[in-house]
Amino acid sequence: MMNRKSSVRAGLVLLGSVLVLGASEYQADPTGSVTGLDSIFTTGPVFQDRNGDDGVDYVQATIILGDSPSTSDVAAAADIAARLGYETMAMDLPMPNDLNAEGLGILVGSAALQRAGLEPDAAGMGGLDAGEGVVRFVSSGERDWVVVAGADDVGTRSAAMALAGKLPHIGAPNGKKLEDVTKELEAFLSGREVEARELHVESVQVKSGEDAFERLVVEVALESVAAQRKARSALRTLARRADSGQAEDEPPLSYDGAKVLRIVLSAPGTSAMSVNVPRVEPDDEGGPIPARPGSGAKEKLDLSSIYSNDGFLGDSDRNEIPDRLDVLLSPSGDGVNATMDLAARLGLESTGVVLPIAEPAETLEDPKKAPTLVLIGVEHPIVKQLVEDEKVSLPALEPGQGYIQIVPKAFGKKSAVVITGGDEQGLNRAIKQVAEQFPHVWERGKDRTTLDDIELDLWRFFSGRSPSGQAAVAMYKLDQLVADLSDKDLESAHVLVSLEKTADGLEGWVRQKASGLGADTLDVTIDNRDVEKAK
């Protein structure tokens, strides 16, 4: 179980728009179940509070990829994983990828639909054009799914960004949420004497390059055919007024973040009817896309500091609490699925998340303009270029072996991190080390060895501040004396070695070294300066 270091929540930054999302305000529903997209971001079915402290500490969801996912699908899954990690104070890693696991299943990419046995039309993918994607709630058999997929890789990435970076909000992060849509629709129908039995958000459709949802679909269950017809009539009137430009200053059921609100009306004994209510066009479509924060060089980056503000995290308000991710994961090739575990860990470690958190190597335009890059893959085109440019030299790796290395000044002043392996198994071992164990070396725990501990031990060793370091310095100086006096004929020699603590057998070792002096008489004194043994 991974735990967050701080309970302070900041927000998400979604690139490609001007959204800065604040922390989700959960509504406790410990006995509830997911009924639509509007019920995902509530405490209970997915984000659970298992110890009753009013904080989310468990995520009951799995991210499902296809049997052979593209790196683009892996990057999309990583964005979602970062959001899941951000929303909780604790999380199990690695994330399960099991079709039969408990909880909500998030299917990422068309290959995941095939693996789960869902038809594209049932998943809401029918009629999608290039660059379009959908986030859709589907209840199938004994498990509930959220489909995140598109007509192509671009559409899938756009859908993933909608789930990871926008929902449950529609448009601005301080604006309306999905639950507001269902409440306002229920109130609208009730004002026309139509009582809804059940309402939930079924799906949102998105398009690459568009900030607003192309379509937001709400399903409404009514008691009778008469109620269905009455609701349809009222909604059609509203839609005609919106189309004609006769809408009032604050028209009902119009949202800047959704171009069309599609309402599907169902009633017993008849087919469902749908009405499209277009939004009243907003006056302001927003300003230019801001530059990605945290893209500067990390001068103090090393493997011991990756989960700190000197590493993969950032502190925008200088209060020492990480509130930003200053890193971009770049997977390439097969066997990179565990990238989403690293993304989830990053989301867990920070009180704010910058999205996208991952970008496939094939679509990464300019590494110099990106934040700190984590290059993941058995074979990675950017790593290959770094090798050719003699900026990094990688060892020959056996199957099953993984390798992690900081590359200083890989791109100008910016360092990069290489995570690779001799094969897919070795690569996954390396990702596991970074995602699940760092900064610890083996087991996690307050009393377990960390990379910081090793750095400190080495510093103490080489500075002569540890017993072993003091012994090494003494032996080095003794070797120098033996060499300097090799041409001298010594009658006697007295060797004194003072250490903070001594080990058994040290005197014999020193005597063996000092015998090289060739003295007729040799005295060796080991001075134990251990304060616990002081007299």
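Here, every reference points to the structure presented above.
Residues numbered from 1 in each chain as written. Predicted model: local features only at pLDDT ≥ 70, side-chain atom pairs only at ≥ 80, totals over all residues. Heavy atoms only, no water.

Enquirer: Looking at this model, I keep getting lost on the sheet that holds strand β10 (residues 143–150). Mind explaining?
Expert: Strand pairing in a sheet takes place through backbone hydrogen bonds and is either antiparallel or parallel in direction. Ordered by their spatial adjacency, eight strands build an open sheet running β6-β8-β10-β9-β11-β12-β13-β14, and the pairing between neighbours is mixed. The sheet is open, and its two edges are formed by β6 (61–64) and β14 (273–278), each paired on a single side. Taking the axes of each pair of neighbouring strands and ignoring which way they run, one obtains an average angle of 20° across the sheet. Of the strand pairs in this sheet, strand β11 (residues 196–207) and strand β12 (residues 215–222) are connected by eight bridges, and their pairing is antiparallel. By the bridge assignment for β12, H200 is matched with E219. Lying on the sheet, helix α1 (residues 71–86) is in contact with β6, β8 (104–108) and β10; it crosses β8 at an angle near 145°. Its contacts with the sheet put helix α5 (residues 225–244) on β12, β13 (260–266) and β14, and the angle it makes with β14 is roughly 25°. (Pairing = 2+ DSSP bridges. Helix = DSSP H or I, 4+ residues; strand = E, 2+ residues; numbered from the N terminus. Axes fitted to C-alpha atoms, helices over the stretch in contact; angles between N-to-C directions. Contact = heavy atoms within 4.5 Å.)

Enquirer: What is the right way to look at helix α11 (residues 506–514) in this model?
Expert: The α-helix advances 3.6 residues per turn, and as a result positions three or four apart in sequence lie on the same side. For α11, the complete set of buried residues consists of L506, V510 and A514. Down the axis of α11, the sector holding all buried residues measures 65°, keeping them to one side. Of the surrounding secondary structure, the elements contacted by the buried residues of α11 are α10 (467–484), β22 (492–499) and β23 (521–528). (Buried < 20%, exposed > 50% of the residue type's maximum accessible area, 1.4 Å probe, protein only. Arc of directions from axis to C-beta.)

Enquirer: Please explain the nonpolar core as it appears in this structure.
Expert: Nonpolar side chains tend toward joint burial in soluble globular proteins. With 103 residues, the main nonpolar core has L216, I357 and I419 as its most contacted residues. At ten residues, the largest contribution of residues to this core is made by α1. The residues touching I419, leaving out its near neighbours within four places in the chain, are L342, V374, L375, I376, G377, Y403, I404, L427, A430, I431 and V434. Judged by nonpolar contacts, the second largest core, of 17 residues, contains A471, L478, A493 and A519. (Core = buried A, V, L, I, M, F, W, Y, C linked by side-chain atoms within 4.5 Å.)

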